[in-house]
Amino acid sequence: MGNGLERRKNGGREIDQEDGLRQVLEEMKALYEQNQSDVNEAKSGGRGDLIPTIKFRHCSLLRNRRCTVAYLYDRLLRIRALRWEYGSVLPNALRFHMSAEEMEWFNHYKKSLATYMRSLGGDEGLDITQDMKPPKSLYIEVRCLKDYGEFEVDDGTSVLLKKNSQHFLPRWKCEQLIRQGILEHVLS
């Protein structure tokens with residue numbers, strides 16, 4: 001997956017980002033404790049020679065905090081983008097690379113988005129995740145990549161989506177299935 005939610009190999013051993021984050025937090029804790037000790041010693045023992053070391057550690061703490069917050073914010077933006085790209089159900093391959101907390105955040109985000117969409121457009125709501133790009137036409141030709149079963153169109157008719165079958169369907173009804181890899185848009 002190219003979204004940066006992948007695991008990385010380091011010396012033949014798989015390490016995920018959670019381990020790296022944990023190491024940074026442990027380093028920050030050690031730096032903080034060293035600074036607290038040196039500050040107390042500088043105050044009580046009059047050791048002004050410790051001040052540059054304390055300032056250096058403090059700058060390291062601030063830098064680590066900035067980097068950690070930037071990393072976490074970037075992860076959240078990528079996870080939020082997954083909701084718009086894949087819909088409310090993520091493929092297992094993506095979920096595998098997310099922590100429990102990230103999955104919890106994703107689920108909260110998708111519920112908040114669903115609540116917002118239900119509040120738009122009257123009784124039925126409005127799905128703002130459809131038509132991410134302005135459509136050239138309202139109907140598109142699609143090919144079914146997997147056996148899906150019956151698919152109901154707005155006018156009440158049902159279409160049987162079988163592997164390798166082709167259909168001319170409303171674009172907005174197909175976009176979610178295209179993103180999930182069930183259908184593909186046939187370009188003429």
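For the protein chain, the name recorded in an unreviewed UniProt entry is DNA replication complex GINS protein PSF1, with Equus caballus as its organism. Heading Sequence similarities (unreviewed entry) of the UniProt record for the protein chain holds this comment: "Belongs to the GINS1/PSF1 family." As its UniProt record puts it under Function (unreviewed entry), the protein chain is described as follows: "Required for correct functioning of the GINS complex, a complex that plays an essential role in the initiation of DNA replication, and progression of DNA replication forks. GINS complex is a core component of CDC45-MCM-GINS (CMG) helicase, the molecular machine that unwinds template DNA during replication, and around which the replisome is built."

K.L.:
Give me the lowdown on the nonpolar core, citing residues and values where you can.
P.N.:
The biggest cluster of nonpolar side chains holds twelve residues, and these are I140, V142, C144, F151, V153, V159, L161, L169, C174, L177, I182 and L183. Elements represented by at least two residues in this core include exactly β3 (139-144), β5 (158-161) and α5 (171-179). For this core, the element with the most residues is β3, which contributes three residues. Excluding anything up to four places from it in sequence, L183 contacts V142, R143, C144, L145, L161, C174, L177 and I178. One finds I79, L94, M98 and F106 within the second-largest nonpolar core, a separate group that totals seven residues.

About the criteria used
Residues numbered from 1 in each chain as written. Predicted model: local features only at pLDDT ≥ 70, side-chain atom pairs only at ≥ 80, totals over all residues. Heavy atoms only, no water. UniProt positions renumbered as here; feature names shortened; annotations may be inferred. Core = buried A, V, L, I, M, F, W, Y, C linked by side-chain atoms within 4.5 Å. Buried < 20%, exposed > 50% of the residue type's maximum accessible area, 1.4 Å probe, protein only. Helix = DSSP H or I, 4+ residues; strand = E, 2+ residues; numbered from the N terminus. Contact = heavy atoms within 4.5 Å.

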